[in-house]
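Residue strings, one per chain:
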Amino acid sequence: QVQLVESGGGLVQPGGSLRLSCAASGSIFRIYTMGWYRQPPGKQRELVAAITSGGTTNYADSVKGRFTISRDNAKITVYLQMNSLKPEDTAVYYCNADVQSYYSRSRDNYWGQGTQVTVSS
């Protein structure tokens, strides 16, 4: 099994910054794309940013220029640096990873439990 544990959420004022972290652990042979999704209140979950194992990144238009995704393959951790936060960034943020199992070599998609980010004055 694979576990994704997020941290770093919280309450921040508009214009502020937060850094989310997501650490993967378990029976991991290889991790491919890792990403962050978010689900605002009453809305569907949406992609925020993703990063491949080679470092190629992809961002939602709404966060381009404000958010930066990065990963540390040695620590099996993905980060999301969020700057210039807006009230509309308020959501539960979920980590996602495409993982190949160490034992079965099967490839599956995993989610973290989510972390709340609230942007409010």
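A brief look at the structure comes next. (Residues numbered from 1 in each chain as written. Predicted model: local features only at pLDDT ≥ 70, side-chain atom pairs only at ≥ 80, totals over all residues. Heavy atoms only, no water.)

### Remarks on the environment of proline 40
To keep things clear, this is the line we draw: Numbering goes from the N terminus for both helices and strands, where a helix is a DSSP run of H or I of at least four residues and a strand is a run of E of at least two. Each residue's exposure class comes from its accessible area (1.4 Å probe, protein chains only) as a fraction of the maximum for that residue type: buried when under 20%, exposed when over 50%, partly exposed otherwise. The criterion used for residue contact is that any of the two residues' heavy atoms lie within 4.5 Å.
Secondary-structure assignment places proline 40 in the loop between β4 (28-39) and β5 (46-51). You can call proline 40 buried: its relative accessible area is 12%. Those residues in contact with proline 40 that lie beyond four places of it in its chain are Glu46, Thr90 and Ala91.

### Here we look at the state of the cysteines
In plain terms, the rule: The criterion for a disulfide is a pair of cysteine sulfur atoms lying within 2.5 Å.
Counted under the stated rule, the structure contains 1 disulfide. Through a disulfide, cysteine 22 is tied to cysteine 95; the S-S separation comes to 2.1 Å. Torsion about the S-S bond of the cysteine 22 and cysteine 95 cystine: about -80°, corresponding to left-handed handedness. In this pair, cysteine 22 is assigned in strand β3 (residues 18-26) and cysteine 95 in strand β9 (residues 91-101), connecting sequence segments 73 residues apart.

### Digging into the nonpolar core
To keep things clear, this is the line we draw: Each nonpolar core is a collection of buried residues, namely Ala, Val, Leu, Ile, Met, Phe, Trp, Tyr and Cys, held together in the definition by side-chain atoms within 4.5 Å.
Trp36, Leu80, Met82 and Tyr93 are the most contacted members of the largest nonpolar core, which totals 31 residues. For this core, the secondary-structure elements that each account for two or more residues are β1 (2-7), β3, β4, β5, β7 (67-72), β8 (77-82), β9 and β11 (115-119). It is β9 that provides the largest number of residues to this core, a total of 5 residues. Excluding anything up to four places from it in sequence, tyrosine 93 contacts Glu6, Leu20, Trp36, Tyr37, Arg38, Val48, Phe67, Leu80, Met82, Gly114, Thr115 and Val117.

### Here's the deal with the side chain of arginine 71
Basically, it comes down to this: The charged-residue count follows a simple rule in which Lys and Arg add positive charge and Asp and Glu add negative charge, with His and chain termini not counted at all. One speaks of a salt bridge when a side-chain nitrogen belonging to Lys or Arg is within 4 Å of a carboxyl oxygen belonging to Asp or Glu. Contacts described as polar in this section are N or O atom pairs within 3.5 Å, which, within protein, must combine one atom able to donate a hydrogen with one able to accept it, while residues neighboring in sequence count only if both atoms come from side chains.
Within the fold, arginine 71 resides in strand β7. At 8.3 Å, aspartate 72 is the nearest oppositely charged side chain to arginine 71, a buried residue that forms no salt bridge. Within polar-contact distance, the side chain of arginine 71 engages the backbone oxygen of isoleucine 31 at 3.4 Å. A polar atom in the side chain of arginine 71 sits 3.2 Å from the backbone oxygen of isoleucine 51.

### Section: the side chain of glutamine 100
Residue position: glutamine 100 is located in strand β9. A polar contact of 3.2 Å, which involves the side chain of glutamine 100, links it to the backbone oxygen of arginine 105. Those residues in contact with glutamine 100 that lie beyond four places of it in its chain are Ser27, Ile28, Phe29, Arg30, Tyr32, Arg105, Ser106 and Arg107.

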